[in-house]
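# Coordinate analysis (summary)
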Amino acid sequence: MDEKTKEICLRKITVTDQNAEDPEVTEKAEKLDELCFDLQQYEEDLNINLSKEYMHDLMEVIEQNIFRVLPPCQVENEHVNLSPQFGPSVCNVDDPQMKLLNSVYLLLESLVKTLKNSAVLPLCISESFTTRLFSILFESQDDLERKMICSNLENIYTHLECRAKQINDLLIQSLMELLSKKEVVYSCADTLLYLQLFIITNEDNPKYLPDINTLFRVLTKLHRLHYLFNFYKHLISCCLLLLEKHPSHIVSYTNNVLQIFIKKSVQTSISFMTTKRTLCLIELKHILQLLLRLIKEAKDKSTMAKYEAYFGQLIKPIVDFSLPNLKSNSLTLTVMTIKMLSATEYRKYFRNHPEIVQKVLPLMQNDPHFIDWHEGAYAKQSLYRATLMMDNESDE
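What you see is a predicted model, and the numbers here were worked out from it, not measured in a lab. (Residues numbered from 1 in each chain as written. Predicted model: local features only at pLDDT ≥ 70, side-chain atom pairs only at ≥ 80, totals over all residues. Heavy atoms only, no water.)

## With respect to the packing of aromatic side chains
Counted by the stated rule, this structure contains seven aromatic pairs. Their ring planes at 80° and their centres at 6.3 Å tell us that Tyr 157 and Phe 198 sit as a pair that is edge-to-face. Here the residue Tyr 157 occupies a position in helix α7 (residues 143-159), and Phe 198 occupies one in helix α9 (residues 189-201), the gap between them amounting to 41 residues. Of the two residues, Tyr 157 and Phe 198, neither departs from the other in class, the shared state being buried. (Phe/Tyr/Trp six-rings, centres within 6.5 Å; stacked < 30°, edge-to-face > 60°. Helix = DSSP H or I, 4+ residues; strand = E, 2+ residues; numbered from the N terminus. Buried < 20%, exposed > 50% of the residue type's maximum accessible area, 1.4 Å probe, protein only.)

This is the structure:
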């Protein structure tokens with residue numbers, strides 16, 4: 001790399017709307033694009049030689065631009081009520097500073113893809129580089145940058161086998177750090193779980209995954225965090241995919257998650273507790289649907305009987321979790337619970353537990369607390385109560 005290009009790319013520039021069109025900003029952006037183009041040319045024509053000096057300069061450009069000094073994360077020291085109205089802090093995609101930074105991350109991505117079969121790549125993407133790149137996930141306050149880092153970590157994981165285990169280890173350590181500092185709101189939680197989902201989905205080498213029991217235990221405990229709403233979609237996706245690959249964990253995992261909520265009253269002054277129970281209900285519904293699919297797709301009777309036994313073992317904890325929901329002041333939570341309990345596909349499993357029916361039936365009385373025509377809640381409640389009474393009479 002010629003000295004002029006290197007000097008331009010190493011410039012420390014804070015780009016704002018006021019100076020976005022300045023010559024030095026435009027010049028740096030153009031030079032970064034040229035470096036990306038050079039790497040693409042090398043990938044297409046292997047006769048082009050990239051010297052060790054050139055690669056050293058290229059990594060220096062990448063490191064100096066990515067591993068810059070970042071301001072302390074403000075949100076870590078704040079108590080934030082992360083409700084459905086909460087959204088992560090996202091930089092404007094047209095922000096000139098992020099446009100410049102995006103060029104650097106694209107350069108890193110091109111480097112890894114171009115040298116994926118080269119002995120040089122492990123030297124460029126060293127253990128220390130990977131660790132520092134991972135640390136930016138915690139340090140950056142910008143959601144867009146965290147997504148760029150995540151994309152590059154996925155790229156390194158895919159094309160550099162010697163770094164796959166390191167990324168797995170860093171990931172599980174990071175998730176454990178979230179659990180060790182429950183009072184801190186980590187804006188990177190969603191990104192970490194997105195990366196975990198990528199690894200579970202694309203894992204061809206199970207030896208790189210942490211111990212399955214450890215992973216299930218960590219994912220279960222993440223349900224306790226008070227900012228669950230901020231990352232629950234990727235958390236649930238990770239858990240469901242793991243359960244599909246390891247169905248023998250369905251009962252223990254579901255029991256452990258439900259126990260987090262069973263002992264806590266839904267009548268609480270903390271508003272987000274109802275939200276967390278609603279999210280748990282959504283996850284529970286997906287788990288039950290997974291079980292029904294496994295039963296339907298079972299290749300023999302013994303496998304089908306095993307999965308049906310799993311369903312039966314979950315009936316009691318499901319009801320123990322659901323009963324406080326039926327006393328909730330939240331109409332949404334009450335309606336969702338009634339819909340789940342009254343689903344026709346679950347009826348035969350409930351009928352096998354008359355003692356459970358006796359628990360639910362009193363709560364289905366036409367109490368004024370429940371009378372509401374919203375989404376047919378009252379109609380469903382009445383029909384479900386009639387069904388329970390019929391089942392109860394037939395059992396007697």
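## Examining the packing of α7 against α9
Remark: α7 packs on α9, axes separated minimally by 10 Å, with the N-to-C direction vectors making an angle of 25°. Our classification of the angle between α7 and α9 gives roughly parallel. Remark: the crossing between α7 and α9 carries right-handed chirality. Here Asp 143, Arg 146, Cys 150, Leu 153, Glu 154, Tyr 157 and Thr 158 of α7 come into contact with α9, specifically with Thr 191, Tyr 194, Leu 195, Phe 198 and Ile 199. Considered class by class, the residues forming the contact of α7 with α9 number seven nonpolar, two polar and three charged. (Axes fitted to C-alpha atoms, helices over the stretch in contact; angles between N-to-C directions. Parallel < 35°, antiparallel > 145°, perpendicular 65-115°, else oblique. Left-handed = near helix turned anticlockwise from the far one by under 90°. Contact = heavy atoms within 4.5 Å. Nonpolar A, V, L, I, M, F, W, Y, C, P; charged D, E, K, R; others polar.)

## What to know about the pattern of salt bridges
Per the stated rule, a full pass over the model turns up eleven salt bridges. Of the charged contacts in the structure, one is a salt bridge between Lys 113 and Glu 109, with a shortest N-O distance of 3.2 Å. Pair noted here: Lys 113 and Glu 109 are both in helix α4 (residues 96-114), with a separation of four residues, about one helical turn. Here Asp 143 ties to Arg 146 by a salt bridge, and the two come within 3.5 Å at their closest N and O atoms. Within this pair, Asp 143 and its partner Arg 146 are both found in helix α7, separated by three residues, close to a single helical turn. The pair Asp 143 / Arg 146 is uniform in exposure class, with both members buried. Connected via shared salt-bridge partners are Lys 6, Asp 57 and Glu 60. (Salt bridge = Lys/Arg side-chain N within 4 Å of Asp/Glu carboxyl O.)

## Digging into the side chain of Arg 163
Mapped onto the elements of the fold, Arg 163 is located in helix α8 (residues 161-180). Comment: no salt bridge for buried Arg 163; closest opposite-charge side chain is Glu 127, at 4.4 Å. For Arg 163, the contacting residues outside a window of four places in its chain are Pro 122, Ile 125, Ser 126, Glu 127, Thr 130 and Ile 156. (Lys, Arg positive; Asp, Glu negative; His and termini not counted.)

## Quick look at the confidence of the model for the protein
Predicted coordinates in areas of low pLDDT are best not read in detail. Counting all residues, the mean pLDDT for the protein is 78, and 74% of those residues have values of 70 or more. Least confident of the elements in the protein is helix α18 (residues 377-395), whose mean pLDDT is 58; most confident is helix α11 (residues 232-245), at 94. Counting interchain partners and residues more than four positions distant, the pLDDT-below-50 stretch residues 266-271 has ten contacts. A low-confidence stretch, residues 368-376 stays under pLDDT 50, and its non-local contacts, those more than four residues away or across chains, total 19 contacts. (pLDDT = per-residue confidence, 0-100.)

## Re helix α14 (residues 301-326)
Taking 1.5 Å as the rise per residue, α14 with 26 residues should run 38 Å; its terminal C-alpha atoms sit 36 Å apart, in good agreement. Within α14, the axis deviates most sharply at Ile 315, by approximately 35°, and proline Pro 317 lies no more than four positions further along. (Expected span 1.5 Å × (residues − 1). Bend = angle between axes of the 7 residues up to and from the residue.)

## Focus: the environment of Asn 202
Here Asn 202 shows up in the loop between α9 and α10 (212-221). Classification of Asn 202 by relative accessible area gives partly exposed; the value is 40%. Linking Asn 202 and Glu 154, residues 48 residues apart in sequence, is a C-alpha distance of 10.0 Å. Among the polar contacts made by the side chain of Asn 202, one reaches the main-chain carbonyl oxygen of Phe 198 at a distance of 2.8 Å. (Polar contact = N/O pair within 3.5 Å; in protein donor to acceptor, adjacent residues only side chain to side chain.)

## Observations regarding the nonpolar core
Leu 111, Ile 125, Leu 133, Leu 178 and Leu 222 are the most contacted members of the largest nonpolar core, which totals 117 residues. Look past the residues within four positions of Leu 133 in its chain and what remains in contact with it is Ile 66, Phe 67, Tyr 105, Leu 108, Ile 149, Asn 152, Leu 153 and Ile 156. (Core = buried A, V, L, I, M, F, W, Y, C linked by side-chain atoms within 4.5 Å.)

## Side note on the state of the cysteines
Applying the stated criterion across every chain, the model contains zero disulfides. With no disulfide of its own, Cys 238 has Cys 239 as its nearest cysteine by sulfur position, at a separation of 6.6 Å. With relative accessibility at 0%, the residue Cys 238 sits in the buried group. (Disulfide = S-S within 2.5 Å.)

## Quick word on the side chain of Asn 168
Structurally, the position occupied by Asn 168 is in helix α8. A polar contact of 3.4 Å, which involves the side chain of Asn 168, links it to the side chain of Tyr 157.

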